[in-house]
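# Secondary and tertiary structure notes
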Amino acid sequence: MELDPNIFAPNTYSVLPMAPTMNRILFRLLSSSLILCLCACSGVRQSGGGGGGTSNATLLLTLCATPPSPAARLSILTFRATVTGVLLTPSSGSAVAVGLVSGTASTYVAEFTRLQSDSALLSAAVSVPAGTYNSLAVTFSDVSLNFCTQPSSGVAGCTGLQQVTGSAGTATASSGAFPLTVTSGEKLGLALDVNIPNAITASGQTISAVNLAAANVLTATVLQAPSSTTDLSSGQLAHIDDLYGVVSNVSTSAPSFTLQTAYRGAVSITANSSTTYDPVCSAQTFSCVTSGALAAVDAILNADGTLAVRNYSPVSFTATSKDTIEGVVTVPPNSVNQVFDIAVTDASFAASNSLLNGSIHPGDLVTVGVVTPQPFFIVSEGLTIPTNSFSGSTDVSPIQPGQTVAISASGFVAANGSSAFATATANGVALRFSRVTATVVSPTSPQFSTSNYPPYFGFTTNPLVQITTSGPGTITDFDGTSSFTAVAGDSVSISALYFGSTASPTPLAWSFSAATIRKH
């Protein structure tokens, strides 16, 4: 579908080209984040040797990422790679291929900025031969990292926006959990951690290279719960939060449903008596789950490889189509022409006649023009939020660099040779979770002070992060600690609603409301 050219107008900032030469191009708009991570995933049984074992064990894999130190002051917007294979190398015999989560056609798109605070399901309940394994290797392709620079302290937004690509390669974990011995009938989970600092070459605010096949990029640890470093209970291995997609296969008797994600396959999830629902669900029961709905789901990975719903939140765009794009805002919006720019972090696709399927990927850059939208809303999941100017707005002026928003796309034109940006029209805008790493300044609860944010946030004072401790809806979950026990100087990654520097009241009560806090 072509866009109405009258909704876009010239923007006033320039974009550095997306190539190692970094030749500057002028772009104009047309008018109208050692952390302990607990991760897990799903796959299919593959044949192969396993160090002489003759029976099978069940393996779960999760994926997370260690971000650069906040003191590095890097502004990484997106970091994408496609997982094309996972191999276990036994002490003897043939390598064993570990299947990825179902429905991904043997590939899986990882977005590592999300994984600095959240864990993702990579493989779950995969049958592997019992035996001893010496290493695990993950092969990546289509590696791309967007970052920006902001030389002016206290100024929000990206001045220089650049992209670095990396070659296909294999990251290997051969220590930590390895050598790994699995026995017949055993159910075992591994957390795979991608170390971003070891994968990039950086100087100042500039990143010049990315290499996921570099030394010490991948580590593996055994998932164990409960422990003193998580808020999980017996039989639970990891939080798998903020799954985003379209609901299908709803069974009220189970109760269960399938969530079709854009880049990480179709995920089967079961609700239980502990499941909570977003406050917008008046009944606060499984009846809130409807086939065809767009939803954000926080889940818990169980030791048997199943996923249980922790919190369910419908994403209530009024448009029938489920074509949506989620991305981090890169510059202040153009309020005159109702235009803003995002770097894509996720999406959802309509089941038929999709404008986006095959045309949009994490890391893509999109210029969004807002046209006669429904009132903006916040996918709060029941988190504590301050008085703010975002909710109910139909104007882009409350949108801030560093916020992550989802848009309901009514039109889309892919990027072409003359511009690095695709263009989209939006008839709805929702506030979603930003992922960022910072340093704890004052470790108090339920609000704590933080510093060392990426420069493009433009903070001139230390923002506050809010912790939610009771429902309805979700509460803040913890990784690397069982509760908020950080001390001054600790590094934490948060998945949080970001309300920006213009939210009221003044002075701002808090800037972030955290869904997840991962202590390093």
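Residues numbered from 1 in each chain as written. Predicted model: local features only at pLDDT ≥ 70, side-chain atom pairs only at ≥ 80, totals over all residues. Heavy atoms only, no water.

### Focus: the overall build of the chain
- For the chain, the count of helices and strands is one helix and 30 strands.
- Burial statistics for the chain: of 520 residues in total, 60% are counted as buried.
- Accessible surface, the chain: about 18200 Å² in total, of which carbon and sulfur atoms supply 51%. (Helix = DSSP H or I, 4+ residues; strand = E, 2+ residues; numbered from the N terminus. Buried < 20%, exposed > 50% of the residue type's maximum accessible area, 1.4 Å probe, protein only. Areas by Shrake-Rupley, 256 points an atom, 1.4 Å probe, with all protein chains shown as cover.)

### Side note on the nonpolar core
- Counting residues in each nonpolar core, the largest one holds 79 residues, and the members touching the most others are Phe112, Leu136, Phe140, Phe178, Leu212, Phe257 and Tyr312.
- Among the elements that line this core, the one with the most residues is strand E6 (residues 131–149), at seven residues.
- Leave out the neighbours within four places in its chain, and Tyr312 touches Val247, Phe257, Thr276, Tyr277, Asp278, Cys288, Val289, Thr290, Ala293, Ala295, Ala296 and Val297.
- Listed in part, the 33 residues of the second largest apolar core include Val109, Tyr263, Phe349 and Ala426. (Core = buried A, V, L, I, M, F, W, Y, C linked by side-chain atoms within 4.5 Å. Contact = heavy atoms within 4.5 Å.)

### Comments concerning the packing of aromatic side chains
- If you walk through the whole model with that rule in mind, you get 19 aromatic pairs.
- Relative to Tyr312, the ring of Phe257 lies with its centre 5.7 Å away and its plane at 80°, an arrangement referred to as edge-to-face. In this pair, Phe257 sits in strand E15 (residues 256–260) while Tyr312 sits in strand E19 (residues 307–314), placing the two residues 55 residues apart along the sequence. For the pair Phe257 and Tyr312, one class covers both residues: buried.
- An aromatic cluster is present here, built from Tyr453, Tyr456, Phe457, Phe459, Tyr498 and Phe512 joined pairwise through their rings. (Phe/Tyr/Trp six-rings, centres within 6.5 Å; stacked < 30°, edge-to-face > 60°.)

### Some points on empty space enclosed by the protein
- Space inside the second largest cavity adds up to approximately 190 Å³.
- In this structure, the second largest cavity is lined by 19 residues; those nearest its centre are Tyr108, Arg114, Ala120, Leu243 and Arg264.
- Only strand E4 (108–111), strand E5 (120–129) and strand E14 (236–251) provide two or more residues apiece to the lining of the second largest cavity.
- Sorting elements by how many residues they give to the lining of the second largest cavity places E14 first, with five residues. (1 Å grid on protein atoms, 1.4 Å probe; cavity = no way out; pocket = protein on both sides within 12 Å on 5 of 7 lines; lining within 4 Å. Points joined across faces, edges and corners; volume = space filled by probe spheres on them.)

### Section: the environment of Thr345
- By secondary structure assignment, the location of Thr345 is in strand E21 (residues 339–348).
- Classification of Thr345 as buried rests on a relative accessible area of 5%.
- Taking the C-alpha atoms as reference points, Thr345 and Leu365, separated by 20 residues in sequence, lie 9.8 Å from one another.

### What to know about the layout of surface pockets
- Considered as a void within the structure, the largest pocket measures approximately 390 Å³ in volume.
- Elements supplying a minimum of two residues to the lining of the largest pocket: E14, strand E18 (294–302), E19 and strand E28 (477–479).
- Top element by residues in the lining of the largest pocket is E19. It accounts for three residues.
- Of the residues that constitute the lining of the largest pocket, the class distribution is eight nonpolar, 15 polar and three charged.
- Along the wall of the second largest pocket there are 21 residues; nearest its centre are Gln260, Thr261, Ala262, Phe349 and Asn357.
- In terms of residue class, the lining of the second largest pocket is made up of eight nonpolar, eleven polar and two charged. (Nonpolar A, V, L, I, M, F, W, Y, C, P; charged D, E, K, R; others polar.)

### Remarks on the pairing of E6
- Among the 19 residues of E6, 14 are classified as buried, and the element is accordingly described as predominantly covered.
- As judged from the 13 bridges shared by strand E2 (residues 75–90) and E6, these two strands associate in the antiparallel manner. By the bridge assignment, Thr82 is partnered in E6 with Ser141.
- Taken together, the three bridges between E6 and strand E9 (residues 180–182) define a ladder with antiparallel strand orientation. Across the sheet, residue Thr132 finds its bridge partner in E9, namely Thr181.
- With five bridges connecting them, E6 and strand E8 (residues 169–173) associate as antiparallel partners. Residue pairing in the sheet places Ala137 in a bridge with Thr172 of E8. (Pairing = 2+ DSSP bridges.)

### Here's the deal with the sheet that holds E5
- Reading across the sheet, the four strands line up as E5-E1-E10-E13 and stay open at both edges, with mixed pairing between neighbours. The strands lining the two open edges of the sheet, one partner per strand, are E5 and strand E13 (218–222). Between one strand axis and the next, the sheet turns through 25° on average, direction left out of account.
- Bridge count between strand E1 (residues 56–66) and strand E10 (residues 187–195): nine bridges; the pairing is parallel. Paired with Leu59 across the strands is Leu188, a residue of E10. (Axes fitted to C-alpha atoms, helices over the stretch in contact; angles between N-to-C directions.)

### Remarks on unusual backbone geometry
- Going from Ala254 to Pro255, the amide bond is cis rather than trans, its omega being -20°.
- Its place among the elements puts Pro255 in the loop between E14 and E15.
- The omega torsion of the bond from Ser445 to Pro446 falls at 10°, within 30 degrees of zero and hence cis.
- Relative to the assigned elements, Pro446 resides in the loop between strand E25 (421–442) and strand E26 (447–451).

### Details of the environment of Leu307
- Tracing the backbone shows Leu307 in strand E19.
- What makes Leu307 buried here is its relative accessible area of 5%.
- Considered as a pair, Leu307 and Ser268 are 39 residues apart in the sequence and their alpha carbons are 7.1 Å apart.
- In contact with Leu307, not counting residues within four places along its chain, are Leu121, Ile240, Leu243, Val267, Ser268, Ile269, Thr270, Ala299, Ile300 and Leu301.

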